[in-house]
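# A structural walkthrough
Given next are the chains, with one letter for each unit.
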Amino acid sequence: MKKKKLSLRWAGTFIELCMGRVDQLKKGLVDANCTDFEADLQSSWYDNTVLLKKVFSADNWWSVDDLDHAMGLVFADRSALDTHLSKMAFEIDDTPATIDPEALPMSFYAPEAIDRLDKDEWVVCHGAQRDAMLHLDADFTPPFDPSLITLSFLHYPNYGYILIDLDYDGHDDVQFNFGETTYLKPRFFGKDHFNDASR
């Protein structure tokens, strides 16, 4: 049977989120080298080569990720995700197709557990976000089956649901077109946050 082409387009906000462990010495150096995030966040943190080298022994901000590094479209909460699911655009052989969002299988995961923090340790979360258009093209043998579209999300309560995987029947060559970058203000979380099993 002749194959057909599925085209999926989904507009949203793309996030790249990095997490690293910071001890008391590093936190003191961060405080000394970043006196005012509000004045110029990009130069004070993201382009601060002295900070990167001296504190983290890193060449760039996205290397400060010894605990986690997640990226994908992000949705603030489950309500926002449900709303955006209905905005996915599908075409089959260049003809628009309507897909019921409830037919799409979804999986949700919690971040990997972080070893308990000492009283003088923190986790720093930082990263960037961009307007983005996700697109996935896949050749398939009819009939089209929306239950073969799988979506996997990583849930960070402080950031939302991050789409970490999307595929159709094994086709997962997802591409993005990006808009302007906005950097996230670094956030430091202590033991009370990360040692709480209920998070």
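## Observations concerning the pattern of salt bridges
Side chains bearing opposite charge may pair, as long as their charged atoms lie close to each other. Taken as a whole and judged by the stated rule, the model has five salt bridges. Notably, a salt bridge pairs Arg21 with Glu121, separated by 3.1 Å at the nearest N-O pair. Here Glu121 lies in the loop between strand 5 (106–109) and strand 6 (122–140) and Arg21 lies in strand 1 (residues 4–22), a separation of 100 residues in the sequence. One salt bridge in this structure joins Asp59 and Lys53, with 2.5 Å as the shortest N-O distance.

## Remarks on the packing of aromatic side chains
Across all of its chains, the model carries 16 aromatic pairs by this definition. Between the aromatic rings of Phe140 and Tyr168, the centroid separation amounts to 5.9 Å while the plane-to-plane angle is 75°, which identifies the pairing as edge-to-face. With a gap of 28 residues between them, Phe140 in strand 6 and Tyr168 in strand 8 (residues 160–168) connect regions that are remote in the sequence. Taking the centre distance of 5.6 Å and the plane angle of 10° together, the rings of Phe176 and Phe178 count as stacked.

## Some details on the pairing of strand 7 (residues 149–156)
The buried fraction of strand 7 amounts to six of the eight residues, a majority that puts the element mostly inside the structure. Both strand 5 and strand 7 contribute to a ladder of four bridges, which runs parallel. Note on strand 7: the bridge partner recorded for Tyr109 is Leu154. For strand 7 and strand 8, the ladder comprises eight bridges, and the chain directions are antiparallel. Among the inter-strand pairings, Tyr156 is bridged to a residue of strand 8, identified as Gly160. In sequence, strand 7 turns back onto strand 8 through a hairpin of three residues.

## Let's talk about helix 3 (residues 49–56)
Within helix 3, burial applies to Leu51, Leu52, Val55 and Phe56. Down the axis of helix 3, the smallest arc covering the buried residues is 100°, so these residues share one side. Across from the buried face of helix 3, at angles greater than 90 degrees, the exposed residues are Thr49, Lys53 and Lys54. Check the buried side of helix 3 and you find it contacts strand 1, helix 1 (24–33) and helix 2 (41–46).

## Points about the pairing of strand 2 (residues 68–75)
As defined by bridge partners, strand 1 adjoins strand 2 across seven bridges and the pair is classed as antiparallel. If you follow Thr13 over to strand 2, its bridge partner there is Val74. As defined by bridge partners, strand 2 adjoins strand 8 across two bridges and the pair is classed as antiparallel. By the bridge assignment, Val74 is partnered in strand 8 with Ile162.

## As for unusual backbone geometry
Cis rather than trans, the peptide bond between Pro142 and Pro143 has omega equal to 5°. Structurally, Pro143 can be placed in the loop between strand 6 and strand 7. Here Asp169, not a glycine, exhibits a phi torsion of approximately 50°, which is positive. You can see Asp169 is positioned in the loop between strand 8 and strand 9 (175–189).

Calculation notes
- Residues numbered from 1 in each chain as written.
- Predicted model: local features only at pLDDT ≥ 70, side-chain atom pairs only at ≥ 80, totals over all residues.
- Heavy atoms only, no water.
- Salt bridge = Lys/Arg side-chain N within 4 Å of Asp/Glu carboxyl O.
- Helix = DSSP H or I, 4+ residues; strand = E, 2+ residues; numbered from the N terminus.
- Phe/Tyr/Trp six-rings, centres within 6.5 Å; stacked < 30°, edge-to-face > 60°.
- Buried < 20%, exposed > 50% of the residue type's maximum accessible area, 1.4 Å probe, protein only.
- Pairing = 2+ DSSP bridges.
- Arc of directions from axis to C-beta.
- Contact = heavy atoms within 4.5 Å.

Just geometry here; none of it tells us what the structure is for.
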